[in-house]
Amino acid sequence: MKRSERKKIHLARERMRDCKNKAALARKMSIARSSLYYRPKKPKEDEVLKEQILSVLDDHAAYGHKRIAMELGVNKKRVLRVMHLYKIRPRLLRGKPTKPEDRGKLPTKTPNIAKTICPIQPNVLWVGDFTYMAWHGGFVYVATVLDVYTREIVGWHVGLRHTTDLVMEAFFDAMRRTGTRPQIFHSDQGSEYVSGDYEKMLETLGVTPSHAEKASPWQNGYQESFYSGFKLEFGNPKQYFTLGELVEAVHHQICYYNGKRIHTALKMPPHRFRLEHLAKQKTAVLAI
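Note that this is a predicted model, so its numbers are computed, not measured.

*Asks:* Just checking my understanding: could you explain helix α5 (residues 76–85) for this structure?
*Replies:* Structurally, the α-helix is built with 3.6 residues per turn, so residues lying three or four positions apart point the same way. Looking only at α5, the buried set comprises Val 79, Val 82 and Met 83. The buried residues of α5 all sit within an arc of 100 degrees when viewed along its axis, so they share a single face. Pointing more than 90 degrees away from the buried face of α5 are the exposed residues Lys 77 and His 84. The inward-facing, buried residues of α5 contact α3 (43–59) and α4 (65–72). With a side-chain oxygen lying 2.7 Å from the backbone nitrogen of Lys 77, the N-terminal cap of α5 falls on Asn 75. Backbone geometry just after α5 places Lys 87 at a positive phi near 55 degrees.

*Asks:* Whenever I open this one, the nonpolar core confuses me. Can you help?
*Replies:* Buried together is how nonpolar side chains tend to be arranged in soluble globular proteins. Core analysis: the biggest nonpolar cluster contains 22 residues, and Phe 226, Phe 230 and Val 250 have the highest contact counts within it. Looking at which element gives the most residues to this core, the answer is helix α9 (residues 243–259), with 5 residues. If you look at the next biggest cluster of nonpolar residues, it comprises 19 residues, including Ala 143, Met 168, Ala 174 and Tyr 198.

*Asks:* Any chance you could explain the packing of aromatic side chains here in plain terms?
*Replies:* Aromatic ring pairs are reported here in terms of the distance separating the ring centres and the angle at which the planes meet. Across all of its chains, the model carries 15 aromatic pairs by this definition. Where Tyr 193 meets Tyr 198, the ring centres are 5.3 Å apart and the plane angle is 75 degrees; that geometry is what we call edge-to-face. Each member of the pair Tyr 193 and Tyr 198 is classed as buried. Connected via pairs of aromatic rings, a cluster forms that spans Phe 226, Tyr 227, Phe 230, Phe 234, Tyr 240 and Tyr 257. Note that Arg 177 overlies the ring of Trp 156, its terminal NZ or CZ placed 4.0 Å from the centroid. It is Lys 231 that lies over the ring of Tyr 132; its NZ or CZ is 4.9 Å from the centre.

Conventions we followed
- Along each chain, the written sequence defines residue order, and numbers are assigned to residues from 1.
- pLDDT decides what is reported in this predicted model: residues at 70 or higher carry local features, side-chain atom pairs at 80 or more are listed and counted, and totals for whole chains, interfaces and linings draw on all residues regardless.
- By convention in this description, side-chain values take in all heavy atoms of the structure and omit both hydrogens and water.
- For each residue, the accessible area found with a 1.4 Å probe, counting protein chains only, is set against the maximum for its type, and the residue is called buried under 20%, exposed over 50%, and partly exposed in between.
- By definition, any uninterrupted DSSP run of H or I lasting at least four residues is a helix, any uninterrupted run of E lasting at least two residues is a strand, and each is numbered from the N terminus.
- Throughout, the arc means the angular range of directions from the helix axis out to the C-beta atoms.
- Here a residue-residue contact requires only that any non-hydrogen atoms of the pair lie within 4.5 Å.
- Pairing of N or O atoms within 3.5 Å defines a polar contact, subject to two protein rules: one partner must be a possible hydrogen donor and the other a possible acceptor, and residues neighboring in sequence count only if both atoms are side-chain atoms.
- Remark: nonpolar core denotes a set of buried residues (Ala, Val, Leu, Ile, Met, Phe, Trp, Tyr, Cys) joined through side-chain atoms within 4.5 Å.
- Here a pair means two rings of Phe, Tyr or Trp (six-membered ring of Trp) with centres within 6.5 Å. Their orientation is stacked below 30 degrees between planes, edge-to-face above 60, and tilted elsewhere.
- We call a charge positioned above a ring when the Lys NZ or Arg CZ atom is no farther than 6 Å from the ring centre and deviates by at most 35 degrees from the ring normal.

Okay, structure coming up:
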């Protein structure tokens, strides 16, 4: 049944209370008279699914219908229909992102290698970026490093200034957590990433640098996507009154992203995806 027909039937049922001649009403609305008496066959099942959807949103306030369907193991079209039926929306909605203009800096000669490869295992391609959050009259900066294969945030650092040290500490944190380094590290052309110290660090470690083109945030889309969800779900930073509380909250939010939040590309949280990959590797080695 087309959506326009459903609207006609719904409108006709509302008018049916004040209309004695139902056959005339059906002819006027160009619908079958029998449709005026139709009742949904599964209202109880829809009600049960509604409660399940609300329960998922209690734990994952920013989930849309696709992630909710993955969490519940049901068809996404059915979830979307029930959400429309009961006017359920994600409790956190994204706003339009804004980016400061980049003026006066010449582009680097480092090519965008990241767009030419598709890693099939962890620690081949890492990407880095940082974001800022307004906090009690100032700003707090969060730098992260993401493994493109697992989509996992493997390193992060929080600071009060956006310096080269901020992004370098995030990279060192990633090395400590993974026990290794990537083959390629990709970032935008922010001054923090094109400074001599950062480039020297990558050269010393034997890591090949890769840069997105200027004014092309989509070329670092993995990090842009992460920060879009991170800032939405993190909420207002001003609810934390000390820097220690804020840093702890950032830590918990990243752990939630890695370990609990379903990534739509992976159909599971990044941490679980990495563990399943490692298990498959061990099985393949034992089979040899």
